[in-house]
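Notes for the structure review
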Amino acid sequence: MTTTGKSRSGSEGGESGNDSDRYTPANIEKKWQAKWEADGIYEAADSVEGKENYFALTMFPYPSGELHMGHWYAYAPADTHARFKRMQGYNVMQPQGFDSFGLPAENAAIERGEDPREWTYKNIENSRRQFREMGAGYDWTRELSTSDPEYYKWNQYWFLKFYENGLAYRKHGQANWCPQDQTTLANEQVKDGACERCGTPVIKRALPQWYFAITKYADELLEMDQIDWPEKIKTMQRNWIGRSTGTTIGFDVSEFAPGEKIETFTTRIDTVYGVTFVVLAPEHPLVEKLTQPSHKAAVEEYIVHAGRQTEIDRTSTEREKTGVETGSYCINPLNGERVPVLVGDYVLATYGTGAVMGVPAHDTRDFVFAKKYGLEIRVVVAPPNWDGGELEEAWIPVGTQLNSGEFDGLSSTDGKEAIADKIESENIGTRTITYHLRDWLISRQRYWGTPIPIIYCDDCGTVPVPEQDLPVILPENVTFEADGKSPLAKHPDFMHVPCPDCGKDAKRETDTLDTFVCSSWYQLRFASKNPLEEPIDIEKVKQWMPVNQYMGGAEHAVMHLLYSRFFNKALRDLGYLDFDEPYTKLMNQGMLVKDHKKISKRSNPLTPDPVVERHGADTLRCYLMFLGPWDQGGDWSDSGINGIRRWLGRVWDVVLRDESGLNGSGGEKHLDRASHTTTKRVLADMEAFKFNTSISALMEFTTEVARRYDAGDVPAAIWRVAVDRLLLHVAPLAPHLAEELWERTGHTGSIHLELNPKFDESLITSDTITLAVQVQGKLRDQIEVAADIDKDAAIAAAKSSPNVARHLENMAIVKEIYVPGRLVNIVVRPA
RNA sequence: GGGGGAGUGGCGAAAUGGCAGACGCGCAUGCCUUAGGAGCAUGUGCCUUAAUCGGCGUGCGGGUUCGACUCCCGCCUUCCCCA
């Protein structure tokens, strides 16, 4: 079907005249977006008679400006899945909002003098518009932005509740400090020793900071049996929490520092008889006391040098391990030996006890260290069949205890327990559980965040802001300088307040909360529609939570997802929630790349708007889902999108055909089989997020429906039912197109409120089947046989094939295999 | 160094242990046409062939099996996470 009189330019949507006959996305998408919103078809009631609630949530975006193609890749398939669940009969609630506090807004202020508030809300507006253009079926009545006072007020509320219950505390300590962003960072935000946001190497800085006591929940956070999450994410969380069981043991140094011991932690107490030195972190408090005058100069120089290194440098396995002697010795409590105490920068003060026992024979790093400094390497866990010779490298696996006093001869597995027993019974140490997980550092020396509701009074100390004074409003008119102080600290009106307890002049806390606090509980706020003077609506939360399906990128595996689980458990223990986990099911989409490279604004840009303009939102949605399995990511190429556009054009064309003249017969079985097979495939694939194969199935079905029409071998009514089925399956994928065609083919009401078609297994099976026939496992023919054929008949039929017979000549049949409905395999050997 | 993915045509990819390459891109040939970034039809893994037949083929090397992209063992490459 071609139109005439088209101009050469603007062939996509600039046509006039016969537009109604052609698929022209621009003509229909805006119309339906407006109508859906006016009709409120995606607004979820908190309960619907006869329907189960289904909370579909996708990690909300940071409004950085434009939604880029990566956002589309995350949100469009997620929206399709939520639409699919709605058509499966669930009362679906799919909200959207904005995680709108954070550094980029503030950096825009510092770099370009833009007001962070204006910048942020302008971006939110823009993102909202783009979500609408995507055709996303969000319940906008639940929208929230975390930078709104009515949201962040409740961050402050939770902070106070945590504080009252010992879950929030302030501590002077070594914090991760990003010199570029001029702020502290949580451990989770340090990647490879650098700031995860800007890549600047992170240094340690002593500061008083606020923490959430997430480590109190370390053990419970390790329990993940009841959540249906990718094993990969669970593993990452387990590794991050990093529970290890071992033994803490003290090495006496009273000879040099009266009454003192060096506490060390080891998971390999079985090797304790092999200790030939002990290493302290340069920051260890005993270094000063233990350094002998003769070694003082060398140690001090070493410590200065170490202070200039980043943690990543210090712990890199590539780098040579260095150390320096203190001149002191300590006593191994197991064998009474006197071993040297060194300072080494590969030991970090912030992990474990800040000191390690050196067992060169059984630890890789200690081995290298001992070789370098000529320290003794004493084997105490003998490798199997060890000849007593020098080791080439440290022996890490299990072995037989040796040089270990009364424990000689035990396997090191048993030795570990026996030695730990002895240490505990003699009170020289204890079994200890340690975690890699640290408490969550939540203070940020930044402006664009939630003010921490604390006041410091000279007389009363740390005083929480009274609940009725919340929210502590983030002031306007602040000055931005990258000088490591929160702009709030330079805002006198904000800072100086009377003490809530005594009324004397006092100062506010000027740090703000880590923005991950905002995203730790937003799902509860989405579930609590229109809460008035409370953080969450407990009754509504019960109706919706936990989230049925959570979707988002795997980059949040150990930050957001862990914090959110912690929040849920903490709020449960504070009496707000009655469930343990926030997200029942988790799906991680993969990364969208272009030319195998990460998409980036500067070097590898990819924006959706031109594609939407040219092909429409439906085409882009479907194309992103057709690229490949969603969880494995996709590789964008411009050329492939035409295939999807053609398919949607074919759907348009076939659905709008006039079937009134159809009155043939004979093709009904074909059409039934195709219909029910398609439904079976699509229902299973959509449920499992396999959008790519769903679309393949629908492409094939589109061809079948057109073929039956062309063949004219089905009655009109039956053909039209198949077309409706096609549209219903297309609806979650290409919502505008399906809605337009649904209306044009005489239906009333939105297609998105319809239910998915069902399938009848008995209509899928056919009377005849094609059997593959193999000889020696190689395909030799394909034969058409009755579907219910038995083994003997199938084999007989196979042998009657001339091509098969040729391969059986002069052969003796060894075995005959029949796989019902699939194939025959004849195994032979030369006769 | 540890943990986890992934490796299949020119490209994106599909395949409960059972006909490898569905579906789509691209390409080729043809049709249509007011010549165009449109539409339709047919073909398209590689080698051989006029065509069949046949042979080869899922990163590499072994193994289990009547039968392996799929399961097992050992490598290689690559991506992500953690050190």
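Residues numbered from 1 in each chain as written. Chains lettered and ligands numbered in written order. Predicted model: local features only at pLDDT ≥ 70, side-chain atom pairs only at ≥ 80, totals over all residues. Heavy atoms only, no water.

The next subject is helix 7 (residues 231-241). Taken residue by residue, helix 7 has Ile 233, Lys 234, Gln 237, Trp 240 and Ile 241 as its buried positions. Viewed end-on, helix 7 has its buried residues packed into an arc of 125°, placing them on one side of the element. Those residues of helix 7 that are exposed and aimed more than 90 degrees away from the buried face are Lys 232 and Asn 239. Buried residues along helix 7 sit in contact with helix 6 (218-222), helix 16 (560-573) and strand 26 (586-589). A positive backbone phi angle near 55° is found at Gly 242, which sits one or two residues after helix 7. (Buried < 20%, exposed > 50% of the residue type's maximum accessible area, 1.4 Å probe, protein only. Helix = DSSP H or I, 4+ residues; strand = E, 2+ residues; numbered from the N terminus. Arc of directions from axis to C-beta. Contact = heavy atoms within 4.5 Å.)

Turning our attention to the nonpolar core. Residues Phe 159, Phe 212, Trp 440 and Phe 567 are the most contacted members of the largest nonpolar core, which totals 88 residues. Ranked by the residues each element gives to this core, the list is headed by helix 5 (residues 149-164), at 8 residues. Within the second largest apolar cluster, 81 residues are counted, among which are Phe 131, Met 587, Ala 722 and Leu 726. (Core = buried A, V, L, I, M, F, W, Y, C linked by side-chain atoms within 4.5 Å.)

We now examine the protein's contact with RNA strand B. Taken together, 42 residues sit near RNA strand B, with Lys 191, Leu 627, Arg 646, Met 699 and Gln 782 positioned nearest. Taking Leu 627, its main chain carries an N or O atom lying 2.6 Å from a sugar or linking oxygen of RNA strand B. Top element by residues in the surface near RNA strand B is helix 21 (residues 691-711). It accounts for 5 residues. Considered class by class, the residues forming the surface near RNA strand B number 11 nonpolar, 18 polar and 13 charged. (Near = heavy atom within 4 Å. Polar contact = N/O pair within 3.5 Å; in protein donor to acceptor, adjacent residues only side chain to side chain. Nonpolar A, V, L, I, M, F, W, Y, C, P; charged D, E, K, R; others polar.)

Mean pLDDT over chain A: 87, with 95% of residues reaching 70 or higher. Considering only residues more than four positions removed or in separate chains, one finds that residues 1-19, a stretch of pLDDT under 50, has 13 contacts. Scoring the predicted complex yields pTM 0.87 and, for the interface, ipTM 0.93. (pLDDT = per-residue confidence, 0-100.)

Moving on to the pairing of strand 30 (residues 768-775). Of all 8 residues in strand 30, 6 are buried; the element is thus mostly enclosed. Sheet topology note: the strand 30/strand 31 (residues 778-786) ladder contains 8 bridges and is antiparallel. Residue Ala 772 lies in a different strand from strand 31, and its bridge partner there is Gln 782. Remark: 2 residues form the turn of the hairpin made by strand 30 and strand 31, two consecutive strands paired antiparallel; Gln 776 in that turn has positive phi of roughly 60°. Sheet topology places strand 30 next to strand 33 (residues 823-830); 4 bridges connect them, and they run parallel. Paired with Gln 774 across the two strands is Asn 825, which belongs to strand 33. (Pairing = 2+ DSSP bridges.)

Our focus in this paragraph is helix 21. Here helix 21 contains 21 residues, and its C-alpha end-to-end distance of 30 Å stays within 8% of the 30 Å for a straight helix at 1.5 Å per residue. Trailing helix 21 by a residue or two, Gly 712 shows a phi angle of about 65°, which is positive. (Expected span 1.5 Å × (residues − 1).)

Moving on: the packing of aromatic side chains. Within a pair of aromatic rings, the relevant descriptors are the distance that separates the centres and the angle that separates the planes. A full pass over the atoms with the stated rule returns 45 aromatic pairs. Judged by centre distance (5.9 Å) and plane angle (75°), the ring pair of Phe 162 and Phe 566 falls under edge-to-face. With a gap of 404 residues between them, Phe 162 in helix 5 and Phe 566 in helix 16 connect regions that are remote in the sequence. A single burial state applies to Phe 162 and to Phe 566, both of which are buried. Here Trp 630 and Phe 691 contribute two aromatic rings whose centre-to-centre distance is 5.9 Å and whose plane-to-plane angle is 70°, an arrangement assigned as edge-to-face. Residue Trp 630 is found in the loop between helix 18 (617-626) and strand 29 (634-636), and its partner Phe 691 is found in helix 21; the two are separated by 61 residues along the sequence. (Phe/Tyr/Trp six-rings, centres within 6.5 Å; stacked < 30°, edge-to-face > 60°.)

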